[in-house]
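Residues per chain, in single letters:
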Amino acid sequence: MTTTGTDAPVTTASNEPEEATEPVGPARSERLSALTQQHGALAVLVLVSLVASFSFDTFATGDNLGNMATSSAFLAIVALGMTFVIITGGIDLSVGSLFALGGVLAAWGSRHGTLVALLLPLAVCGLIGAVNGLLVARSRLAPFIVTLAAMLGARGLMLALTDEGADTYLIAKGSVLAELGQGKTLGLGNPVWITLALFVAGAVVLRRTRFGQHVYAVGGNEDAAALMGAPVARTKILVYTLSGLLAGLAGALNAAWLASGVTILGSGMELEAISAVVIGGTLLTGGLGYVSGSLVGVLLLKVIQNVINQIGSLDSSYQQVVSGAFLAVVVIAQTWLGRRRQLM
């Protein structure tokens, strides 16, 4: 007796799709790494501030916090422009000299009115930044070399305007420009409010506009960005122009705060700005960065400096030692987190 095909056992496959199981561990670890990179500096800032508040009676006073906020404003404005540049994978070494040049130009222009005092440093420093961008984007020269040349050129122009630093241009007390730098609104210095407004605008531009998307795309992969239709050259020119404009504005506000164009300022500011940006979570290799993180990085550097001043027995050079150590730790951590993400 033969067995028909219908008598054989039949195995039916379920038509319901099996649920895909995602590895929870790597996803959770990746999120933790991203949070550490983005908010690690903020956690350190809060910790250092709490320790300093309990250790020094004068740290958490209104006057000390207000002075720290105002002195941080100028470096923060420079760091804002540097954030855009570094996200594209570039670097701008000229901002310190442009900061000093902007201050001298503002003080010199104050003799012809507040409008000239503000527009002149913006025009000159913005033009130098645009030239940097053109040489980097169109001539494909290394940003390090281009901005190093601009740093020397801007410093030389500033010295020429001041007769090798012998002339110091003053800003009249009681003028609109002086009030802009020295006045207060709701208990905070006007430069602080200007800085906060610029950072809000910078965050919106970077996260909510097509230009911001292009900035990230160019830094992530320049060739891929070009294939997707992103204007690579124009984006680079714009970020270097923005960096020059903001450095000039910071110098003008600083001159208004000091009521003079001091020629010795700005030396080493480019390194401070780069440190603050990197400490805030922006990758030196480009493609990833946060405007808010750069502000936190600036505040962290200033808090460290203030704590060292509070101690009194330590020389101010220790601030550079601690800042350098922070920067080294952050770069090592970024490299480790980046490699860990690639392995996930």
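Residues numbered from 1 in each chain as written. Predicted model: local features only at pLDDT ≥ 70, side-chain atom pairs only at ≥ 80, totals over all residues. Heavy atoms only, no water.

## A look at the packing of aromatic side chains
- Tallying each qualifying case throughout the model produces 2 aromatic pairs.
- Arranged with centres 5.3 Å apart and planes meeting at 35 degrees, the rings of F74 and W257 form a pair that is tilted. With a gap of 183 residues between them, F74 in helix α2 (residues 62–87) and W257 in helix α10 (residues 232–258) connect regions that are remote in the sequence.
- Ring geometry for F84 against F211: centres 6.4 Å apart, planes inclined by 15 degrees, an arrangement best described as stacked. Highlighted residues: F84 in helix α2 and F211 in helix α8 (residues 210–220), separated in sequence by 127 residues.
- With a relative accessible area of 22%, F211 lands in the partly exposed category. (Phe/Tyr/Trp six-rings, centres within 6.5 Å; stacked < 30°, edge-to-face > 60°. Helix = DSSP H or I, 4+ residues; strand = E, 2+ residues; numbered from the N terminus. Buried < 20%, exposed > 50% of the residue type's maximum accessible area, 1.4 Å probe, protein only.)

## Things to note about a nonpolar patch on the surface
- A cluster of nonpolar side chains, L42, V46, L50 and F54, forms an exposed patch at the surface whose accessible area comes to about 430 Å².
- For V46, the location among the structural elements is in helix α1 (residues 24–55).
- Judged by its relative accessible area of 44%, V46 falls in the partly exposed class. (Patch = residues over 30% accessible without salt bridge, like charges linked within 9 Å, V, L, I, M, F, W, Y side chains within 5 Å. Areas by Shrake-Rupley, 256 points an atom, 1.4 Å probe, with all protein chains shown as cover. Salt bridge = Lys/Arg side-chain N within 4 Å of Asp/Glu carboxyl O.)

## Topic: the pattern of salt bridges
- Going through the model one piece at a time under the given rule, you end up with 2 salt bridges.
- When the shortest N-O distance is used, the salt bridge between R140 and E222 registers 3.8 Å. Of this pair, R140 sits in the loop between α4 (114–137) and α5 (143–161) while E222 sits in helix α9 (residues 222–227), and the two are 82 residues apart along the sequence.
- Assessed through its relative accessible area of 67%, R140 is described here as exposed.
- In this structure, K236 engages E222 in a salt bridge whose closest nitrogen and oxygen atoms are separated by 2.9 Å.

## Some thoughts on empty space enclosed by the protein
- Overall, the coordinates contain 1 cavity of 30 Å³ or more when judged by the stated rule.
- The volume enclosed by the largest cavity comes to roughly 40 Å³.
- Those elements that provide at least two residues to the lining of the largest cavity are α3 (95–109) and α10.
- Of the residues assigned to the lining of the largest cavity, the class counts are 5 nonpolar, 5 polar and no charged. (1 Å grid on protein atoms, 1.4 Å probe; cavity = no way out; pocket = protein on both sides within 12 Å on 5 of 7 lines; lining within 4 Å. Points joined across faces, edges and corners; volume = space filled by probe spheres on them. Nonpolar A, V, L, I, M, F, W, Y, C, P; charged D, E, K, R; others polar.)

## Notes on unusual backbone geometry
- Residues other than glycine seldom take positive phi values, yet D163 does so here, at roughly 55 degrees.
- Since its relative accessible area comes to 48%, D163 is described here as partly exposed.

## Some remarks on the packing of α3 against α10
- At a minimum axis distance of 7 Å, the contact between α3 and α10 shows a crossing angle of 50 degrees. In terms of their interaxial angle, α3 and α10 are classed as oblique. Along this stretch, α3 crosses α10, giving a crossing that reads as right-handed. Residue-level inspection shows V95, L98, F99, G102, G103 and A106 of α3 in contact with α10, the latter providing S243, G244, A247, G248, A250, G251, A252, N254 and A255.
- The residue makeup of the contact of α3 with α10, split by class, is 8 nonpolar, 7 polar and no charged. (Axes fitted to C-alpha atoms, helices over the stretch in contact; angles between N-to-C directions. Parallel < 35°, antiparallel > 145°, perpendicular 65-115°, else oblique. Left-handed = near helix turned anticlockwise from the far one by under 90°. Contact = heavy atoms within 4.5 Å.)

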